[in-house]
Structure formats: structure tokens, C-alpha cells
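Listed here are the chains, written in short residue letters.
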Amino acid sequence: MADEADLLERLRQQGISRRSFLKYCAGLASLLALPPAMAPRIAEALERARRPAVIWLSFQECTACTESLTRSFSPTLENLIFNVLSLDYHHTLQAAAGRHAEDARRQSMEANRGKYILVVEGSIPVAEGGVYSTIAGISNLDMLRETAAGAAAIVSVGTCAAYGGLPHARPNPTGAVPVSEILADRTIVNVPGCPPIPVVISGVIAHVLTFGRVPELDDLGRPTVFYGQTIHDRCYRRPFYDRNLFAEQFDDEGARNGWCLYKLGCKGPTTRNACATEKWNQGTSFPIQSGHPCLGCSEPDFWDAGSFYQALTAPPVDVAKWVVPAIGVGVAAGAAAGLANRLRKARAERRRQPLAADDVKGGEG
Amino acid sequence: MSVSLQNGLTTLAAGIDAPIASFFNSCVHCGLCAGACHFHVETGDPRYTPIHKLEPLRRIWQREYTLWGRLLARLGLLPPPDEAELAEWQSLLYDSCTLCGRCSLVCPVGNDITYMIRKAREGMVAAGHAPEGLKTTTYRALTTGSPMGVRYPALAKIIASLEKEEGIEVPFDREGADYLLVLSANEYMLYPESIAAMARIFHRAGLSWTLASEGYEATNAGIQIGSSDLARELLLRIVETAEKLGVKTVISPECGHAYTTLRWDGPNLIGRPYRFRVVHLLELFDELRRDGRLTLAGKHREKLTFHDPCQLVRRGGLIDEPRHLLDMAAEAFEEMDCAGVWNWCCGGGGGVSANPDADALRNRAFAMKKRQFDATGARKVVTACANCRAVLEDGIEAREMALEIVGMAELLAENLAPPDEETQHE
């Protein structure tokens, strides 16, 4: 149940000074592309927040989104923000189990109706009436609908919840769909990534608490502040791309020199995310910096977009194998069509009756 | 009688060849041809977009020669053109197209729209949807030998009176002559003075030439109405006469489409090469000028301009020849806007002048010519096509303009140098 003690008090109990709290708020303001003057307002809003209740539903997922948020960032402020939220239901983190856990969820929904934040991790299987994933005998589908009804805001964390992710990949045996497909009439904030960057998750929640509404979203439901640019736009290897310097193999000179990984399949040019600027593990690095091309994990259907190691412009099939037969088939079809047309033309020429003077005699004659 | 809707549609299908199919395939619907057509420019009516005039032919192409079209036709979703539709399209294919070729020239993918219109007319005339005026003209040409109904005896009289006036012999049917001159009906009916001018120039140049009593008519109404069968019949009269007389060269007179027919369409129409060569009068004059056999004693003083006949510049490439002659003949020659290959049509080519249905539209399109003429400030316009001349005179009369049109032969004959000593010694 939500505790009525305010945030600052709880931070103090955890040894966080007001000064470092304000620094966090300023950082958050800049991250959200807000003017610096907004920092005090964020601080004020967060201070007044009465431990907002969060219900975190885990469906078809691997828990990496939770792992990303909870473990790798400890003990940063983002983590603490979560500590000061009232996380009323979370499979991995809650101590309760079985009926007690479900009771906790229902109690929280009751007590905070219309005020709690719903976070969903994982996709929802809808094939066969949703039997592929159930919790306490309730299908994911039913649980999502029931919990979403009273939520103030809904956040899909991770590519599975946002776009279906791995469970949605071909041939999708469970009929996995993203949250947005079930709750078509609700505004869903998508925070895609496999997993997403922790600060993006906490930033979105801070935005909701500060302004009482979700941040500006793009056509794929992503907050534009974090997903406005491609990895490629902000990649530190971009100058090599511009100068046509590429690593062709993982152990060649280009790879050792840190050249662009485009030809090794980097999906940076088509992937919108903040990895190149926020980075991972407390700003240590991100995949491209450690020498591996971007997989495009925050884009819809990235599992089905061909090999991770094939350049974006590479054709999806073995051209050398197909081009010759394809040309052959094309030439044969063209020749056949041409022959057929010639026969039709010849027939029309035979059937055509030539004209003579009488045919233009008209009214005068 | 072979005229029927069915025969029209069959003729359209038979006429679609590889160029037509590839033209329809390559059309990118850019609409540039609209801005090239004087009828569209002057009226702003989108129906006059040249490629749009080909809708019936396009439909036949789709139905007969494309996979999708055949499928749709099977399902009854792509019906063939019917009588009412062809009747509607008659005005677009005949009244609003002079076959001037400006659209073909402007087309960015190289579609020869003029060639397509010719092919569409083949089907229209076979379906009985050609304008009455053009039908009458064609019938007269086939039955009397001249689109104006002038038979040989009448022509002989006209020529005889010219001979008397000029004091020059104008021979008929002279075997073994080098040159056979064929004539446009407009020349012997409206402008006999131009024939007199030609005779004087030929005489001064010492040309061995003749007229013919059969196959004397150069124009070809079959080409204009769009029937290859009829065009062939008319053309063969000239070819047979030329080969019987054994001339080396046939001279196309001051006429546009006669030149196109004789020079470019002819061998394809009759299915074999000629045993003579064909030159336009302008080419011949320029050859004579180059060889020193055509010299002038003076230059025309007044400012004048030149109207390029479409068939000569766009379809025939005769751009420099008239300019050589004008430089020789005129002191103050000024080019019109769009002169040469981009010149605007007189508005009456391609059978339009023989088609009273088109009179009102033709008169509207003349506004283009008026602007061109007015901008030069010239009082005299030279041209090299008797049909252009007649059409332009119509427009000038309708708008009460103070402008005179003359043929190139007359301009040259005006200041023809007197026989010099050398010639006299010969």
C-alpha cells in the first residue's frame, strides 16, 4: 500500500542529500530536453509525490528489462526513485507468492484507482484464448485488461511489450502481440529496447509525475526525447562512415582501427534509441563502442529482419544463386509473351478488311 | 464496304506494333505534352492533352497485348470502345490534332505521339468515325486525282495560261527528265503564281524537269485521314509515274505532309525502296544556290519573317536550308519566337484545314500565331507550305491583320538575276 510519507523524507532516510536530489532533477530536465528552469519544478513535483503506486506486470518476457533497471544501476538515483515508488506488484522483486501476491495487486488497484502507473514487461499471447501464459490461473490477456482499466498511465517496457519482440518473431506460435494491440484505445508509452536503457524508463515515469501526462510520443509510441535520433546520427564512429572507412571483418584492420561497422551489419542507421548518447553500465560503453554492430533491438520486428551481420543494403537472398535462373525465367516469360502478342497482332492483320475509295464516300457521293 | 466498328477495332489492334506498345508502357503521365500542344495552350482544356487523345488506342493495347488487360477484359472490366465513344473521340483525334509533332519532340521518354495518333486514325476511319470534310476530300482525291477535284485537263489549262504569261515552257510527261515536280492542289488552285515562280527558277537554273498528267498531285489525303490503304493508292500514282518517266528525282512542292509522305512514309507504305530520290523544293533551291545556279540580283528590302512548316522542321529536319535562302534573298530577315524545330503549327495541318468541324478551334489556336507574328513587327511572312499559307491567310483575314504571306519560290523569283553572259554563251 502506498505510504503517505513524502519523497524527500524517504531519500533522506536513504542518505541522499537534497543537493544531490536537485542535481538529479537538473540532469533529468536536460535529458528530457526541457529548459533548465524546469529542474525546480521537477524537484517540486517529485517531492510532493506521495509514493505513487506502480504495478509491474510480467508476461512473455525474459526479465532482462527488470535486470537492466534494478541490478546494473545500483545504487544510482534512478534505482532509488524506484525504491521510493510504491512498487506494489512485481513478480521478480516481490516477496509474496501465490494468492497473496494477487491479493496485493487487487488491493493496490482498489486503493489507487485512477492514480497508479502500470508498467508492462513482455508480450501477450492471444492464440487459443491466451492459454500460453497464465499467472495464478489468470491469462495474461485478462490480467492486462483488468489492471489497465484503472491505470493513470501505461508504460510498455522493452521491445516485447512495445512491439511483440522475440515471442512475436516468426512463426509466432503463441500469437504474441504487443500491449498497444490489446489496449488499442489507450495511450501507451513505448520504451522499446532489448532491454531498454534504465534512465529512459525512470525519465518517462518522472515526466508523468511532474507534468501529470505522458511525454510527446512519435508514430511508434516512443518518447521523442529519447528516440528522436538514430544511433547512426549520434554514433562516435559516424566520421568513418562519412569517409567511407569500414570494418569488413571482425578481425581486420578496420575493426582494430575502430572504423564504421556498417558492412558488418550495423543497424544503427535505422534504429532510434539513445544508446550512443546515454550508453550502458553507468555510461561505460554501448555495443558499437565495444566493437559489435547495433542489432536494432529497439525497432519493431528486429528478429525477423534478416541476419544481424548482413549490411542493411545487402539483398536478403543469395543473389548469385538466384539471378541467373531469374534472368532465364524472365527472358523466357518475355519471349513467350512477345510471341503470343505477335500471333495476336498477325491475326488482327489477317482479319482487318482494307479500305477502298467507297469507304470514305460519305454524304457527298 | 469495309467500314464497321468491328473492323475499326481490329484495325487498331493490327496497327499496334512494338514502338506503340513500348510508348504506352513508357508514358510516365507527366503531362508535358499538354504544354506542347497549341490547342491545349490556347484553350486550357485538359482534353487536348495529346496522350489523352489516344485513350481508345490505349484501351485496345491493354486489352489485347497486356496480361492485366487481358485478364480484366475476360472479367468484363475493360470493355472495348463502342460507337458512342469513338464518335466522342473523333473530335479529339481529328479536329484537335494537326500531326505537328511538337508533343513527340517534348516527350521526355521519347514517345512519338504523332505516330500514335496516325495509328489511332487508321482504326477511326475503318470504324467510320472520320470527319465528313476529310472523307469528302479523300474520296475526291481517289476518284479525280486531286483533293480539290481538279482533273488533268483543267490542270493543263491552268498551266498553259501560266506558260503564256511567263513565256516559259512547262513540260508535261517528258520522259528522261531529271526532275519530276508534283504539286499541291492549293498551289494550282489558290497560288498559281508560286508555280510560275518555280518554273522561272528552274528555267534560269537550266533544270531538266517535267510535270505529270497522272500522279500530278503531291498531297495525300489518305495520310491525313489515317488510312494506309488509301494513302498507298494515292502514293503509288506518283511512284509509278516517276518510274515510268525514269526521272532521277521527285520534287516535293511547298507542302508539309506531302514531303513527309513522299520522303519518309512512302517506301514503308509501298513496301519497297524507290528507284528515285525525293527532295523538298527548299532542299533543291538550296542545292542550286550552293552550286551557283540560283543567284539573285538584289534583296528584298522590307522586314520579313519565316514560318517553319511543322513537317519540314520537326519531321523532316529542313532547318538550315530555308535560312540559307532567306539570308540570300532578304535584307531584314527576323526570326520568330520558337522558330525552327520548336515552331508552332499554323493550326491546319494533318487534315484539320480540310475538316470544317475544326474551324472554330483552329481559329482559336491562331492566337498563338498572331502573337508570334506581332512580336517580330514584320509585315510579310515567308513560308514553304501552301497549306500553311492558306490556313494563315484564313487567320489573318478573320483577325483583320495587315500581313502578307508568300511562298519561298515567289520570294526568290522576285529578284532572280538576269541570265549572265556565261549562260548566254551556252
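Whatever comes next refers back to the structure up there.
Computed from a predicted model, the values in this text were never measured in an experiment. (Residues numbered from 1 in each chain as written. Chains lettered and ligands numbered in written order. Predicted model: local features only at pLDDT ≥ 70, side-chain atom pairs only at ≥ 80, totals over all residues. Heavy atoms only, no water.)

Caption draft 1: View of the pattern of salt bridges. One pass over the full model with this rule turns up 42 salt bridges over all chains. A salt bridge links glutamate 287 of chain B to arginine 277 of chain B; the shortest N-O distance between them is 3.2 Å. Placement of glutamate 287 of chain B in helix H17 (residues 281-290) and of arginine 277 of chain B in strand S4 (residues 277-280) is noted, with a sequence separation of 10 residues between them. Given a relative accessible area of 36%, arginine 277 of chain B falls into the partly exposed group. Salt bridges linked by common partners bring Glu102, Arg105, Arg106 and Glu146 of chain A together as one network. (Salt bridge = Lys/Arg side-chain N within 4 Å of Asp/Glu carboxyl O. Helix = DSSP H or I, 4+ residues; strand = E, 2+ residues; numbered from the N terminus. Buried < 20%, exposed > 50% of the residue type's maximum accessible area, 1.4 Å probe, protein only.)

Caption draft 2: Quick look at the sheet that holds strand S1 (residues 53-58) of chain A. Residues and elements named next belong to chain A. Read across the sheet, 5 strands follow the order S2-S1-S3-S7-S9 without closing on themselves; strand pairing throughout is parallel. Of all the strands in the sheet, the pair left with one neighbour each is strand S2 (86-89) and strand S9 (188-191). Between one strand and the next, the sheet's axes are offset by a mean angle of 25°, whatever the strand orientation. Looking at chain direction, strand S7 (residues 153-157) and S9 are connected through 4 bridges and run parallel. Its bridge partner being in S9, valine 155 is matched across the sheet by valine 189. (Pairing = 2+ DSSP bridges. Axes fitted to C-alpha atoms, helices over the stretch in contact; angles between N-to-C directions.)

Caption draft 3: View of the environment of threonine 92 of chain A. Within the secondary structure layout, threonine 92 of chain A lies in the loop between S2 and helix H6 (98-111). Threonine 92 of chain A sits in the partly exposed class, given a relative accessible area of 43%.

Caption draft 4: Summary view of the nonpolar core. Residues and elements named next belong to chain B. Counting 51 residues, the largest nonpolar core has Phe202, Trp209, Phe285, Leu294, Met408 and Leu412 as its most contacted members. Among the secondary structure elements, those contributing two or more residues to this core are helix H11 (152-166), strand S1 (179-181), helix H12 (185-189), helix H13 (192-205), H17, strand S5 (300-307), helix H19 (320-329) and helix H22 (408-414). No other element matches H13, which puts 8 residues into this core. (Core = buried A, V, L, I, M, F, W, Y, C linked by side-chain atoms within 4.5 Å.)

Caption draft 5: Representation of the environment of valine 247 of chain B. All names here are of chain B. As for its position among the elements, valine 247 is in the loop between helix H15 (228-245) and strand S3 (249-252). By relative accessible area, valine 247 is classed as buried at 4%. C-alpha of valine 247 to C-alpha of alanine 177: the two residues are 70 residues apart in sequence and 5.5 Å apart in space. Setting aside chain neighbours within four positions, we find valine 247 in contact with Ala177, Asp178, Tyr179, Leu180, Thr210, Ala242, Arg275 and Phe276. (Contact = heavy atoms within 4.5 Å.)

Caption draft 6: Looking closely at H17 of chain B. Residue and element names in this part refer to chain B. Of all 10 residues in H17, 7 are buried; the element is thus mostly enclosed. Restricting attention to buried positions, one finds in H17 the residues Leu281, Leu282, Glu283, Leu284, Phe285, Asp286 and Leu288. Looking one or two residues beyond H17, the residue adopting positive phi is glycine 292, at roughly 75°.

Caption draft 7: Structural context of the packing of helix H1 (residues 5-15) of chain B against helix H9 (residues 113-126) of chain B. Residues and elements named next belong to chain B. Contact geometry of H1 with H9 gives a least axis separation of 7 Å together with a crossing angle of 160°. Taken together, the axis directions place H1 and H9 in an arrangement best described as roughly antiparallel. H1 and H9 meet at a crossing whose hand is right-handed. Contacts between H1 and H9 involve Asn7, Gly8, Thr11, Leu12 and Gly15 on the former and, on the latter, Lys119, Ala120, Glu122, Gly123 and Ala126. (Parallel < 35°, antiparallel > 145°, perpendicular 65-115°, else oblique. Left-handed = near helix turned anticlockwise from the far one by under 90°.)

Caption draft 8: Focus on the packing of aromatic side chains. All names here are of chain B. Throughout the structure, instances matching the rule amount to 15 aromatic pairs over all chains. Between tyrosine 274 and phenylalanine 276, the aromatic rings sit 4.6 Å apart at their centres with planes inclined by 10°, giving stacked as the arrangement. In this pair, the class of tyrosine 274 matches that of phenylalanine 276, namely buried. The residue whose ring lies beneath arginine 102 is tryptophan 344, and the NZ or CZ to ring-centre distance is 3.5 Å. Taking the ring centre of tyrosine 191 as reference, the NZ or CZ of arginine 389 above it sits at 3.9 Å. (Phe/Tyr/Trp six-rings, centres within 6.5 Å; stacked < 30°, edge-to-face > 60°. Lys NZ or Arg CZ within 6 Å of the ring centre and 35° of its normal.)

Caption draft 9: Unusual backbone geometry, seen in detail. All names here are of chain A. For the peptide bond that leads from arginine 170 to proline 171, omega is 0°, which places it in the cis range. Mapped onto the elements, proline 171 comes out in the loop between helix H9 (165-168) and strand S8 (176-177). Note the cis peptide between cysteine 194 and proline 195, where omega equals 0°. Position of proline 195 relative to the elements: it lies in the loop between S9 and helix H11 (198-211).

Caption draft 10: Expanded view of the side chain of asparagine 190 of chain A. If you trace the backbone, asparagine 190 of chain A turns up in strand S9. A distance of 3.0 Å separates the side chain of asparagine 190 of chain A from the backbone oxygen of leucine 220 of chain A, its partner in a polar contact. (Polar contact = N/O pair within 3.5 Å; in protein donor to acceptor, adjacent residues only side chain to side chain.)

Caption draft 11: Inspection of the interface of chain B and chain A at higher detail. The interface is formed by 28 residues belonging to chain B together with 20 residues belonging to chain A. Between chain B and chain A, the buried area comes to about 2,200 Å², and carbon and sulfur atoms account for 55% of it. Broken down residue by residue, the surface that chain B buries against chain A is led by Tyr65, Tyr139 and Asp229 of chain B, which jointly contribute 27%. Here chain B and chain A share 2 salt bridges between them. Across the salt bridge formed by arginine 344 of chain A and glutamate 64 of chain B, the nearest N and O atoms sit 3.1 Å from each other. Linking chain B with chain A are 10 residue pairs in polar contact (both at pLDDT 80 or more). Those elements giving two or more residues to the side of chain B that touches chain A turn out to be H1, helix H5 (55-65), H9, helix H10 (132-144) and H15 of chain B. Considering every element that reaches the side of chain B that touches chain A, the biggest residue donor is H10 of chain B, with 7 residues. (Buried area = accessible area lost by both parts, 1.4 Å probe.)

Note that all results are geometric; they support no functional claim without further evidence.
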